[in-house]
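Breakdown of the fold
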Amino acid sequence: MLFAESFADGETPVTDRLVLAYDARRRSRQRVTLVGGEEMGYVFPAGTVLRHGDRLLTGSGRVVAVEAAAEALLEVRADDRLQLIRAAYHLGNRHVPVQLAEGCLRFQPDHVLTEMVIGLGCTVSEVEAPFDPEGGAYSAHAHAGGHDYRAARATMTGEPRHPGSGPQSSQARIHEFK
């Protein structure tokens, strides 16, 4: 069985593909079946989300491309750009994974959220499409114009930055009371 615990750069030739829905790509460790039928396991730090376009490097040097599987989603559109921005704001305020696309937003089915965005003046339709939501400004793997912050952060600091670390934070102090 193949095993991966690191990422390859986007230029490395691919030997197989891994197609997973978003909820499966949110698991940081699991056993999966590649498109070619071979089994592979992977282990990454907790909180790692595999993104469409990632490439996993196996211990044997093979590279596996990650692809977002098509899944049932809700697509939000609006006649007015401000309505769509308002819907994005309210979905984000509820920490809902949202995919931003040209002229629309996509999120996983939820009847309460559907009613909310309709109430904001948007239209909602059901679609079947790959789901690759925004990673968030503070995620370990945020996308911005296709830029991979995972590689950039490793280059800048030598190791991942964790909230509460760095020069602006103070060390925990243990006080002894007599």
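As a reminder, the structure under discussion sits directly above these lines.
Notes on the structure in this doc start here. The structure presented is a predicted model; accordingly, all values stated were derived computationally and were not measured.

**Quick look at the overall build of the protein chain**
- Scanning the protein chain from terminus to terminus reveals 4 helices and 12 strands.
- The buried share among the 178 residues of the protein chain stands at 32%.
- Sequence separation of at least 24 residues holds for 63% of the intrachain contacts in the protein chain that already meet a minimum separation of 6.
- For the protein chain, the accessible surface area stands at approximately 11500 Å², while carbon and sulfur atoms represent 53% of it.

**Some points on the environment of R51**
- Mapped onto the fold, R51 is located in the loop between β4 (39–43) and β5 (55–58).
- Relative accessible area serves as the criterion here: at 4%, R51 is assigned to the buried category.
- It is 6.8 Å that separates the C-alpha atoms of R51 and V66, two residues lying 15 residues apart in sequence.

**Some points on the packing of aromatic side chains**
- Counted under the stated rule, the structure contains 3 aromatic pairs.
- Between the aromatic rings of Y22 and F131, the centroid separation amounts to 5.2 Å while the plane-to-plane angle is 80°, which identifies the pairing as edge-to-face. Of this pair, Y22 sits in helix α1 (residues 22–25) while F131 sits in the loop between β10 (123–130) and β11 (143–144), and the two are 109 residues apart along the sequence.
- Aromatic rings pair up to connect F7, Y42 and F44 into one cluster.

**Considerations on the side chain of R106**
- Take R106: it is sitting in strand β9 (residues 104–107).
- Only 2.7 Å separates the side chain of R106 from the side chain of E75, close enough to count as a polar contact.
- Setting aside residues no more than four positions away along its own chain, R106 makes contact with L73, L74, E75, P97, V98, Q99, V127, A129 and F131.

**Overview of the nonpolar core**
- In this structure, L18, M40, Y42, L50 and L56 are the most contacted members of the largest nonpolar core, which totals 14 residues.
- For this core, the secondary structure elements donating two or more residues are β1 (2–7), β2 (16–20), β4 and β6 (63–68).
- Ignoring any residue separated from it by four or fewer positions in sequence, one finds L18 in contact with V32, T33, L34, M40, Y42, L50, L56, V64, A65, V66 and E67.
- Listed in part, the 13 residues of the second largest apolar core include A87, V98, L105 and V117.

**Some remarks on helix α3 (residues 111–119)**
- Among all positions of α3, only L113, T114, M116 and V117 are buried. Buried residues of α3, viewed axially, fall in a sector of 160°; they line one side. Exposed residues pointing more than 90 degrees away from the buried face of α3 are listed as H111, V112, E115 and G119.
- Two residues or fewer after α3 comes G121, characterised by a positive phi angle close to 95°.

The rules behind each value
Residues numbered from 1 in each chain as written. Predicted model: local features only at pLDDT ≥ 70, side-chain atom pairs only at ≥ 80, totals over all residues. Heavy atoms only, no water. Helix = DSSP H or I, 4+ residues; strand = E, 2+ residues; numbered from the N terminus. Buried < 20%, exposed > 50% of the residue type's maximum accessible area, 1.4 Å probe, protein only. Contact = heavy atoms within 4.5 Å. Areas by Shrake-Rupley, 256 points an atom, 1.4 Å probe, with all protein chains shown as cover. Phe/Tyr/Trp six-rings, centres within 6.5 Å; stacked < 30°, edge-to-face > 60°. Polar contact = N/O pair within 3.5 Å; in protein donor to acceptor, adjacent residues only side chain to side chain. Core = buried A, V, L, I, M, F, W, Y, C linked by side-chain atoms within 4.5 Å. Arc of directions from axis to C-beta.

Remember that the coordinates give geometry; whether it matters functionally is a separate question.
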